[in-house]
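Coordinate inspection notes
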Amino acid sequence: MRQSLVVANWKMNGSLASNQALLDAIKQGCQDVSHVQISICPPAVYLAQVSQLLTGSAISWGAQNVSHEAGGAFTGEIAVSMLAELQCRYVIIGHSERRSLYAESDQVVAEKFARVRNAGLIPILCVGETLSERESNQTEAVVLRQLDAVLASEGIAGFHQAVIAYEPVWAIGTGKTASREQAQAVHAVIRQHLAKQDAAVAEKIQILYGGSVKANNATELFAMPDIDGGLIGGASLQAQEFLAICKAAR
Ligand code: 13P
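Since the structure is predicted, the reported quantities are computational estimates derived from the model, not experimental observations. (Residues numbered from 1 in each chain as written. Predicted model: local features only at pLDDT ≥ 70, side-chain atom pairs only at ≥ 80, totals over all residues. Heavy atoms only, no water.)

1. Quick look at the site of the ligand
In the vicinity of the ligand, the contacting residues are Asn 9, Lys 11, His 95, Glu 167, Ala 171, Ile 172, Gly 173, Gly 211, Ser 212, Leu 231, Gly 233 and Gly 234. Separating an oxygen atom of the ligand from a side-chain N or O atom of His 95 is a distance of 2.8 Å. A distance of 2.8 Å separates an oxygen atom of the ligand from a polar backbone atom of Ser 212. Protein chains bury 96% of the 310 Å² of accessible surface belonging to the ligand in isolation. In terms of residue class, the shell around the ligand is made up of three nonpolar, seven polar and two charged. (Near = heavy atom within 4 Å. Polar contact = N/O pair within 3.5 Å; in protein donor to acceptor, adjacent residues only side chain to side chain. Areas by Shrake-Rupley, 256 points an atom, 1.4 Å probe, with all protein chains shown as cover. Nonpolar A, V, L, I, M, F, W, Y, C, P; charged D, E, K, R; others polar.)

Below you can see the structure in the form of structure tokens.
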């Protein structure tokens, strides 16, 4: 039985004061949701603050991105060893905003995935199609291409300690959510694809849904058999909304 995981992706939002208020409220409110793993991914400059505020709680934290290089002369980049020092548990890899706005290729995403795993952190690999790809019936091909780029370099063993997030690009920040049937169908395709190589890894891996998850649609999404939680953007910035989503997880 897979445990549910709900991850907050704060994106480029927050401040020292608002982070503290948000985390205080989440820590207070999450005491009766011990059946769900919760993680917070703030902007990197706030990881030290967030780690201090969450140490000793049941909530873990992670980063939104990492360099594919190990370290050195890469101005502005952050190495996975630095995230490890701050006890990050997760690193979001290949978010569609990174792929589309910062030109991250499948190859770079695969390199980042490897860096994260080799450092003992858990990658959250994001995959998902654009609206035009969905409308031209390419959803499955796109998602499997993104998955295969990592499988090709890491093999199925790379997914032993990893999380996948299916985030249809057209549902991110738009208020349009994939229906539970649409999401479940893609999650099942992902799990079946992994199962062809290793049934145990496929059965164990958590596959999260992301894209306009709110308190009022989380219950029906999380009830689907292959949806193991969510990667939450906008709604993770409001404590009560985020807590309601966490409580909706199985
Ligand atoms: P929204 O929940 O704001 O649609 O963002 C989803 C997302 O991109 C999480 O990574």
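2. Examining empty space enclosed by the protein
With the rule as written, the count across this model stands at one cavity of 30 Å³ or more. Around the largest cavity, the lining residues are Gly 94, His 95, Ser 96, Arg 99, Cys 126, Val 127, Gly 128, Glu 167, Val 169 and Ile 172. Counting residues per element, the ones that place at least two in the lining of the largest cavity are helix 4 (96–101) and strand 5 (122–127). Of the residues belonging to the lining of the largest cavity, the class tally is four nonpolar, four polar and two charged. (1 Å grid on protein atoms, 1.4 Å probe; cavity = no way out; pocket = protein on both sides within 12 Å on 5 of 7 lines; lining within 4 Å. Points joined across faces, edges and corners; volume = space filled by probe spheres on them. Helix = DSSP H or I, 4+ residues; strand = E, 2+ residues; numbered from the N terminus.)

3. A closer look at the packing of helix 1 (residues 16–29) against helix 11 (residues 239–248)
It is at 9 Å that the axes of helix 1 and helix 11 come closest, and there the two elements cross at 35°. Relative to helix 11, the crossing made by helix 1 is right-handed. Residues Leu 22, Ala 25, Ile 26 and Gly 29 of helix 1 lie in contact with helix 11, whose contacting residues are Ala 239, Phe 242, Leu 243 and Lys 247. Class assignment for the residues of the contact of helix 1 with helix 11 results in six nonpolar, one polar and one charged. (Axes fitted to C-alpha atoms, helices over the stretch in contact; angles between N-to-C directions. Left-handed = near helix turned anticlockwise from the far one by under 90°. Contact = heavy atoms within 4.5 Å.)

4. Some thoughts on the layout of surface pockets
Taken as a whole, the largest pocket encloses approximately 600 Å³ of empty space. Looking at the largest pocket, it is lined by 20 residues, and the ones nearest its centre are Met 12, Gln 64, Asn 65, Arg 98 and Tyr 102. When residues of the lining of the largest pocket are assigned to their parent elements, the largest contribution, three residues, is made by helix 4.

5. Points about unusual backbone geometry
At Ala 103, a residue that is not glycine, the phi angle is positive and equals roughly 55°. Checked against the element boundaries, Ala 103 lands in the loop between helix 4 and helix 5 (106–118). One non-glycine residue, Asn 137, adopts positive backbone phi at about 60°. Among the structural elements, Asn 137 can be located in the loop between helix 6 (131–135) and helix 7 (139–154). Under the relative-accessibility criterion, Asn 137 is labelled exposed at 73%. (Buried < 20%, exposed > 50% of the residue type's maximum accessible area, 1.4 Å probe, protein only.)

6. Looking at the packing of aromatic side chains
Enumeration according to the criterion identifies two aromatic pairs in this entry. Ring plane angle 40° and centroid distance 5.2 Å describe the contact between Phe 113 and Phe 159, whose orientation is recorded as tilted. Highlighted residues: Phe 113 in helix 5 and Phe 159 in the loop between helix 7 and strand 6 (163–166), separated in sequence by 46 residues. Comparing Phe 113 with Phe 159 shows no difference in burial state: the two are buried. A cation sits over an aromatic face here: Arg 98 above Tyr 102, 4.3 Å from the ring centre. (Phe/Tyr/Trp six-rings, centres within 6.5 Å; stacked < 30°, edge-to-face > 60°. Lys NZ or Arg CZ within 6 Å of the ring centre and 35° of its normal.)

7. Re the state of the cysteines
Going through the model one piece at a time under the given rule, you end up with zero disulfides. Free cysteine: Cys 30, not disulfide-bonded; nearest cysteine sulfur from Cys 246 at 7.6 Å. Residue Cys 30 is classed as buried on the basis of its relative accessible area, which comes to 13%. With no disulfide partner, Cys 41 has as its closest neighbouring cysteine sulfur the one in Cys 88, 7.8 Å distant. With a relative accessible area of 0%, Cys 41 lands in the buried category. (Disulfide = S-S within 2.5 Å.)

8. Structural notes on the nonpolar core
By size, the foremost hydrophobic cluster in this structure holds 70 residues, and its most contacted members are Phe 159, Ile 190, Leu 194 and Phe 222. Broken down by element, the residue count for this core peaks at six residues, all from helix 11. Among residues more than four places away in sequence, those in contact with Leu 194 are Leu 147, Leu 151, Ile 156, Phe 159, Ile 164, Ala 202 and Ile 205. (Core = buried A, V, L, I, M, F, W, Y, C linked by side-chain atoms within 4.5 Å.)

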